[in-house]
Amino acid sequence: MQRLAETGGNEQCEEAVLKSLRWMKKTQNADGSWGTGNKAAMTGLGLLAYLGHCETPTSDEFGESCLKAMTFLIQV
C-alpha cells in the first residue's frame with residue numbers, strides 16, 4: 001500500500017484492481033487462455049495484468065491462473 005500511495009493510489013484503487021483480477025480468474029478458459037479470438041494476444045494481456053500486480057505462479061490467490069496462462073502461451 002505504501003508504494004501505491006506514493007504514486008497517487010489508494011485502497012479503492014487496490015480493491016478495483018483485485019476485483020478485476022478475480023473476474024479474470026473466474027472467466028479464464030479451461031486451456032489457460034482468455035477470449036475466443038486472438039487468444040494468444042488476449043492471454044498475453046491478461047497475464048500482464050497479473051504480473052503488473054506482482055502475481056506469479058507461486059502466488060496464493062492468482063498463482064494457478066498465472067501458471068495456466070503461461071503454459072498456454074508456451075504451447076501456442
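Residues numbered from 1 in each chain as written. Predicted model: local features only at pLDDT ≥ 70, side-chain atom pairs only at ≥ 80, totals over all residues. Heavy atoms only, no water.

1. Let's talk about the pattern of salt bridges
Stated precisely, the cut-off is as follows: Any carboxyl oxygen of Asp or Glu within 4 Å of a side-chain nitrogen of Lys or Arg constitutes a salt bridge here. Secondary structure elements follow DSSP: runs of H or I of four or more residues count as helices, runs of E of two or more count as strands, with numbering from the N terminus. Categorising residues by exposure relies on relative accessible area from a 1.4 Å probe, with only protein chains included: less than 20% of the type maximum marks a residue as buried, more than 50% marks it as exposed, and the intermediate range marks it as partly exposed.
The final tally for this structure, using the stated rule, is two salt bridges. Ionic pairing is found between Arg22 and Glu61, a salt bridge with its closest N-O pair at 2.6 Å. Highlighted residues: Arg22 in helix H2 (residues 11–27) and Glu61 in the loop between helix H3 (39–52) and helix H4 (63–75), separated in sequence by 39 residues. Assessed through its relative accessible area of 37%, Arg22 is described here as partly exposed. Glu61 sits in the partly exposed class, given a relative accessible area of 32%. Between Asp31 and Lys39 there is a salt bridge whose closest N-O contact spans 3.1 Å.

2. Comments concerning the nonpolar core
Put simply, the rule is: Remark: nonpolar core denotes a set of buried residues (Ala, Val, Leu, Ile, Met, Phe, Trp, Tyr, Cys) joined through side-chain atoms within 4.5 Å.
Counting residues in hydrophobic clusters, the biggest one holds nine residues: Leu18, Leu21, Met24, Trp34, Leu47, Tyr50, Phe62, Cys66 and Ala69. Sort the elements by how many residues they give to this core and H2 lands first, with three residues.

3. Quick notes on the environment of Asp31
Here is the rule: Under the rule applied, a polar contact is a pair of N or O atoms within 3.5 Å (in protein, one hydrogen donor and one hydrogen acceptor; residues adjacent in sequence only if both atoms are side-chain atoms).
With respect to the helices, strands and loops of the structure, Asp31 is situated in the loop between H2 and H3. You can call Asp31 partly exposed: its relative accessible area is 37%. Between the C-alpha atoms of Asp31 and Lys68, which are 37 residues apart in sequence, the distance is 7.1 Å. In this structure the side chain of Asp31 is engaged in a polar contact, spanning 2.5 Å, whose partner is the side chain of Ser33.

4. Let's talk about the state of the cysteines
For clarity, the cut-off: Disulfide assignment relies on a single distance test, namely cysteine sulfur atoms paired within 2.5 Å.
With the rule as written, the count across this model stands at zero disulfides. Here Cys13 is not disulfide-linked; the sulfur of Cys54 is the nearest cysteine sulfur, at 16 Å. Lacking any disulfide linkage, Cys54 is separated from the closest cysteine sulfur, that of Cys66, by 11 Å.

5. Remarks on the packing of aromatic side chains
Two aromatic rings, taken as a pair, are described by how far apart their centres are and by the angle between their planes. Counted only if it meets this: Two aromatic rings, drawn from Phe, Tyr or Trp (for Trp, its six-membered ring), form a pair once their centres lie within 6.5 Å of each other, and the interplanar angle then sorts them: stacked below 30 degrees, edge-to-face above 60, tilted otherwise.
Considering all chains together, one arrives at two aromatic pairs under this definition. Between Trp34 and Tyr50 the ring centres are 6.0 Å apart and the planes differ by 35°, which places this aromatic pair in the tilted class. With Trp34 in the loop between H2 and H3 and Tyr50 in helix H3, this residue pair connects regions lying 16 residues apart in the sequence. Per residue, the accessibility class of Trp34 equals that of Tyr50, and both read buried. Taken together through their ring pairs, the aromatic side chains of Trp34, Tyr50 and Phe62 make up a single cluster.

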